[in-house]
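The residues making up each chain are set out below.
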Amino acid sequence: MNVAIADQNRLTDHPSEAPEHECALQLLSGMAVSLGQDVDVDFLLAELASGVRRTLDADRVSVLLLDNADRLSPAVSVARQHDDGLWQSFRQMPPISLDDLPGARQALSQGAVLVIDDASASPLVPPAWQRTFGLGSLAIAPLLIADVPVGLVAVDYAQVAAPFTPTQLALFEGMAALAGIALRAGRQRSQGGLHPVSLTLE
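We now turn to the structure provided with this report. (Residues numbered from 1 in each chain as written. Predicted model: local features only at pLDDT ≥ 70, side-chain atom pairs only at ≥ 80, totals over all residues. Heavy atoms only, no water.)

Right, let's talk about the pattern of salt bridges for a bit. Tallied over the entire structure, the rule returns 6 salt bridges. Note that Asp59 is salt-bridged to Arg80, the shortest N-O span being 3.1 Å. With a gap of 21 residues between them, Asp59 in the loop between α2 (41-56) and β1 (60-66) and Arg80 in the loop between β2 (71-79) and α3 (84-92) connect regions that are remote in the sequence. The exposure class of Asp59 is partly exposed, given its relative accessible area of 25%. The partner of Asp156 in a salt bridge is Arg60, with the nearest N and O atoms 3.1 Å apart. Of this pair, Asp156 sits in strand β6 (residues 148-157) while Arg60 sits in strand β1; the two residues are 96 residues apart in sequence, bridging distant segments of the chain. The network of salt bridges with common partners includes Asp57, Asp59 and Arg80. (Salt bridge = Lys/Arg side-chain N within 4 Å of Asp/Glu carboxyl O. Helix = DSSP H or I, 4+ residues; strand = E, 2+ residues; numbered from the N terminus. Buried < 20%, exposed > 50% of the residue type's maximum accessible area, 1.4 Å probe, protein only.)

Given below as structure tokens:
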């Protein structure tokens, strides 16, 4: 897959326009329609990351995809505010081997959203990522194709965030499921590689 940077005007956040569930439903509906058309899957992933960030009011949303060696590699990043230094750091982060993170493979295989209240105390967060991005709390949703993990979507906050509501977690899980469908469709159309994409939405 070849990533094209999406139209930032189209993806600009408008946090006061609608309640979170309405924003999410609009995003899900739009992506469902797009999946039936010949729309670039990388744009869809960027748009989905934008919608997740807006819906959950996160500081950053990142998509990491598994390579053939079962390593998570940076693919897409959407931030509340532009920081070129952090974006370059994201691009240059080495792949994360699942074998280096106790419980990571099992967590992805369960297919449910995982909430990490304190990233600094979690064995699932590599120390290098914690140091580089100053992560506070996280929510991670697996990306699945035919129930097989192919990556994850990570929502992060610089500070420890308020507890997620059941509605927020359900919406996040639904968005991740749709991302898995988009990836499956994209892999059927293309055998190319995915290059990291960054979008600033505010």
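The discussion continues.
Here the focus is α2. In this model, α2 (16 residues) spans 22 Å end to end at C-alpha, consistent with the 22 Å of a helix rising 1.5 Å per residue. Within α2, 15 of the 16 residues are buried, which leaves the element mostly enclosed by the surrounding structure. (Expected span 1.5 Å × (residues − 1).)

Turning our attention to empty space enclosed by the protein. Here the structure, examined in full by the defined rule, presents 1 cavity of 30 Å³ or more. Its residues placed into classes, the lining of the largest cavity shows 22 nonpolar, 1 polar and 2 charged. (1 Å grid on protein atoms, 1.4 Å probe; cavity = no way out; pocket = protein on both sides within 12 Å on 5 of 7 lines; lining within 4 Å. Points joined across faces, edges and corners; volume = space filled by probe spheres on them. Nonpolar A, V, L, I, M, F, W, Y, C, P; charged D, E, K, R; others polar.)

Function cannot be inferred from these measures alone, as they are strictly geometric.
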